[in-house]
Each structure stands twice: as structure tokens, then as C-alpha cells.
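Letter by letter, the chains look like this.
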Amino acid sequence: MPPPSATPHDLSCLHLRDLERIAADCMDRQTRDYYNEGADASMTLAENHTAYNKYRIRPRVLRDVSRVNPSASVLDFTASCPIGVAPTAMQCLAHPDGEIATAAACKEAGVAMGLSSFATKSLEDVKAAGGDTARVLQLYLFEEREESARLIRRARKAGYKAVFLTVDTPVLGRRNLEIKNKFKLPPHLRIANFADGANGEGKEEKSGDSEAGYTEGEKRVMPRGPVTFHSHAANPTLEWGRDITWLKKECGEDMKVYVKGVATAEDALLAIKYGVDGIVVSNHGGRQLDGALATVDALPEIVEAVQKKIPVHVDGGIRHGTDVFKALALGADFVWIGRPVLWGLAYKGKEGVDLCLRLISDEFKLCMALAGVTSVKDISKDYLVKIDRSGFVSRL
Ligand SMILES: Cc1cc2nc3c(=O)[nH]c(=O)nc-3n(C[C@H](O)[C@H](O)[C@H](O)COP(=O)(O)O)c2cc1C
Ligand SMILES: CCCCC(=O)C(=O)O
């Protein structure tokens, strides 16, 4: 691994905030608002970012950093860095190549990818484009269990190595701009893993029928395509014992089961109790419960409770290489980024995702070198301090 470079390649886009600004002009309003907004007043969305500011790095010096190794192991895969692409729905809204472009960029960069249940490309095609890096299928466990079972069987067959069961969505959060814009999936796009029997087993739904039993607030995010399962995402009946047991059985030996959306030590302990293989500390990018704790603030109690028994990942608001370093120093094993990849896609398709991944991974490598760390496993809380509102600095 050559020494990290401080010079990015695309001078119009030097960091992810540039990418956000540039991408905003590449999307129609409906798409931009759907991707970028948070729930309600977007307090948690904002705090996911700002919470990182209360940590500062304690760099160590005079340690040969001519060779820095940012690689990290995730789900039995050696990734080029401890940063993966979080599952985000409907990527073809950003670019016609959608999830295929994301997967191809991940493959080139050696970066792990999570695919949303609500992808606009089939999980088989994404696997073909992403190869070993396409490891995770994100799952919403539908009330209609056979629907989920079919998806799991396909993912196993295609070679996915884990399912991330999203657990922060018992009901859908209120996203006001979606309501205002009357968000819907344009007619030329499909939720690919369900539409038109893409799995050979799919079934048609009359628009409207699938909404029975949902409140107005839940129905509103439902793309009104001829076939859609969007509203099934919110399943209020899920519970630890019955559902995790069922899921583990369906996944068998081939696929690990992670729960995505854990935010407390209590639930982390329940995850261990029910035999879950890993946790993603997440609040859905601030799109579900507004007022929930920023993920980096929830992380320490979860790391403490888990005691390294299972991997702890985190996502939400990670926009800088230094954020990645801070999350790992606080005990996360791996981090995921959501929206920046969508911005990259909107900007230039695969090339934009290449750029996004390069920007944040280069920043992370640079941060490691400047902090005096040459291996990801050595990043620890010794490298961080916490700074409170009055400027008081404390060791962790
Ligand atoms: C537009 C959009 C769509 C998303 N779709 C899904 C999804 O289908 N399933 C899921 O579990 N999480 C979904 N998420 C949440 C992400 O997986 C991730 O938790 C979040 O984006 C991380 O925060 P960040 O965007 O600040 O990096 C979505 C997020 C966004 C922004
Ligand atoms: C339940 C909605 C599916 C997509 C998603 O998770 C999101 O928009 O955040």
C-alpha cells in the first residue's frame, strides 16, 4: 500500500460536502428530497453529523507511517477499508445504472456493499456486478412471510453472505417532503426484486390492495407502480424471539444474520441472547424516529454491553475520514455510508461512486497516518478525547 496521498483527483469535488452540493443540481426535486431528508424536524439527521464534533483525535508522532494498511475484515471478506456502502432504496432514481453502478464501483474499490430490499436492480445482477464485495442483502421482514423467504432463498443462491434485518422500521417515519412532493416511483422504474415475477415466483398486486390496514402516514411513501411492496417494509408485528428464530433458520449456515437499527445496550444484549451474528448501530440516517440519539452517541453503551462477543457496526452521518477513525476508536468494527453514494451516483453514475469511495477512503488513510496508526486494529480509544460544551477535554 503506497503512502496516503493528500491530493484528491477531481478538483471540483474535494470532499463529500462538495459532492453533496454538486449532486443536488443533478437530481430532480422529488429524488433529492427523498434521498436527503430526515424524519419530522430532521433533528437526528443533523445530530448524526454534529455529534462527531465532540470528539477530537490525539495523534501520536514519530511512528514510521510510510506504510499504512487501511484494510479491514467484514463478513469473512478483506475489504480495502472499514467503510461499506449502506443499503439504500431505489438507486435508479439517481442514475439509470442504479445499484449496478454502485456494485461495479464497490468491486473496483474492494468495498463491501449492502443491497436494499427495495433495490431497482435485481439482486442477481447486482451480485454479478459486485462479485465478492456484494455481500449483504438488507431485509424487511414482511408480514407475508413467504415473500421474505423467497428473497432469502434467492440471496443464498446468488451468494450473498449476510442479511441485515432492518429493525428500526416497525412503522414508517414521517418524512414531510415526501408527503409534500407526493413521492412515487416513476413508472419506468420497478422495485426489481418483486416486480413482474423477477424471481420467477413474484406475484402481481393491484395498486391499493397492498395498502389495506395502513394509516395515511404509512401509505404515503408507497410508490404507486403497478407492483410494489414498499408499504410492507413497515411491519409492526416483529419481535425478537419468534422472528429472529425464523430468520436464522431461513438463512441457515450460508448467511449470517445482523440486526440493523439497534440503538441501546438493552437491545444489543437481546441480539446476543437470540443468537444474532452482528449489530448495526443505526437510526436509518435520521429517517425514522426523530429525536433519537445520534448513532455515535449510542455506540459507546452498545460496545460496552457487547464486550466483543459479536461485531458492532455503525452508520449515520459519516462524511469524513476522521469520522470513520472516531467511530472505530469508539469501538465500532466497521462503518457504512448511505447518502454520499447516492450523491456520487447522481453526479456521474459509477464514476461518481468511484469518486465518493476514493474521497472518504483516502481521507481515512490520511487520518491514520497523521494520527500515527498503521493498522486498523490498532485504532482505539487512546486516540480520542471528548470535548464538552464548555471546552473541557476528557480522556475516554
Ligand atoms: C434514500 C435512502 C434510502 C434508504 N433505504 C434503506 C433501505 O431500503 N433499507 C434500510 O435498511 N435502510 C435504508 N436506508 C438507511 C441506510 O441504510 C443507512 O442507515 C443511512 O443512510 C446511513 O446514514 P447516512 O445516509 O447519513 O450515511 C436508506 C437511507 C436513505 C438516505
Ligand atoms: C420503508 C422505506 C424503504 C426505503 C427506506 O428504507 C427509506 O426510504 O429509508
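An unreviewed UniProt entry lists the protein chain under the name Oxidase FUB9, from Myriangium duriaei CBS 260.36. Regarding the protein chain, the UniProt comment filed under Cofactor (unreviewed entry) reads as follows: "FMN". The Sequence similarities (unreviewed entry) field of the UniProt record for the protein chain holds the comment "Belongs to the FMN-dependent alpha-hydroxy acid dehydrogenase family."

Asks: Go over the side chain of Thr-295 with me, naming the residues and quoting the values.
Replies: Examined against the element boundaries, Thr-295 turns out to sit in helix H11 (residues 295-306). On the basis of relative accessible area, Thr-295 is assigned to the buried category, the value being 1%. Excluding residues that lie within four positions of it along the chain, Thr-295 makes contacts with Asn-48, Val-281, Ser-282, Asn-283, Val-314, Asp-315 and Gly-316.

Asks: How would you sum up the sheet that holds strand S13 (residues 393-395)? Please name residues and give values.
Replies: Strand order in this open sheet of 3 strands is S1-S12-S13, and the pairing throughout is antiparallel. Of all the strands in the sheet, just strand S1 (55-57) and S13 have a single pairing partner and so form its edges. Between one strand axis and the next, the sheet turns through 35° on average, direction left out of account. Bridging between strand S12 (residues 384-387) and S13 involves 3 bridges; their strand directions are antiparallel. Bridged to Val-385 within S13 is Arg-395.

Asks: Any details on the nonpolar core? Residues and values, ideally.
Replies: Residues Tyr-160, Leu-247, Ile-279, Phe-325 and Phe-364 are the most contacted members of the largest nonpolar core, which totals 104 residues. Counting residues per element, this core draws most heavily on helix H13 (residues 339-371), at 17 residues. Ignoring sequence-local partners within four residues, the contact set of Phe-325 consists of Ile-57, Phe-364, Cys-367, Met-368, Ala-371, Val-373, Ile-379 and Tyr-383. One finds Ala-79, Ala-112, Val-280 and Trp-336 within the second-largest nonpolar core, a separate group that totals 13 residues.

Asks: Now, about the site of ligand 2: what can you tell me, with residues and values included?
Replies: Around ligand 2, the structure places 9 residues, and the nearest of them are Tyr-34, Tyr-140, Arg-175, His-284 and Arg-287. Note that an oxygen atom of ligand 2 is positioned 2.6 Å from one of the side-chain N or O atoms of Tyr-34. Protein contact buries 94% of the 280 Å² of open area that ligand 2 shows by itself. Looking at the shell around ligand 2 residue by residue, the class counts come to 5 nonpolar, 2 polar and 2 charged.

Asks: If you had to explain the pattern of salt bridges to someone new, which residues and values would you point to?
Replies: For the structure shown, the criterion picks out 15 salt bridges. In this structure, Asp-243 engages Arg-242 in a salt bridge whose closest nitrogen and oxygen atoms are separated by 3.1 Å. The partly exposed category is assigned to Arg-242, whose relative accessible area is 45%. Two residues, Lys-365 and Asp-362, come together in a salt bridge whose shortest N-O distance is 3.5 Å. Taken together, the residues Lys-365 and Asp-362, both in helix H13 and 3 residues apart, mark about one turn of the helix. Sharing partners across several salt bridges, the network here consists of Glu-108, Lys-350 and Asp-354.

Asks: Quick one: what's the story with unusual backbone geometry, residue by residue and with numbers?
Replies: Although it is not a glycine, Asp-40 sits at a positive phi angle of roughly 45°. Along the chain, Asp-40 falls in the loop between helix H2 (29-36) and helix H3 (43-50). A positive phi angle, near 50°, is found at Leu-75, a position not held by glycine. You can see Leu-75 is positioned in the loop between strand S2 (72-74) and strand S3 (77-79). Residue Leu-75 is classed as buried on the basis of its relative accessible area of 9%.

Analysis parameters
- Residues numbered from 1 in each chain as written.
- Chains lettered and ligands numbered in written order.
- Predicted model: local features only at pLDDT ≥ 70, side-chain atom pairs only at ≥ 80, totals over all residues.
- Heavy atoms only, no water.
- UniProt positions renumbered as here; feature names shortened; annotations may be inferred.
- Helix = DSSP H or I, 4+ residues; strand = E, 2+ residues; numbered from the N terminus.
- Buried < 20%, exposed > 50% of the residue type's maximum accessible area, 1.4 Å probe, protein only.
- Contact = heavy atoms within 4.5 Å.
- Pairing = 2+ DSSP bridges.
- Axes fitted to C-alpha atoms, helices over the stretch in contact; angles between N-to-C directions.
- Core = buried A, V, L, I, M, F, W, Y, C linked by side-chain atoms within 4.5 Å.
- Near = heavy atom within 4 Å.
- Polar contact = N/O pair within 3.5 Å; in protein donor to acceptor, adjacent residues only side chain to side chain.
- Areas by Shrake-Rupley, 256 points an atom, 1.4 Å probe, with all protein chains shown as cover.
- Nonpolar A, V, L, I, M, F, W, Y, C, P; charged D, E, K, R; others polar.
- Salt bridge = Lys/Arg side-chain N within 4 Å of Asp/Glu carboxyl O.

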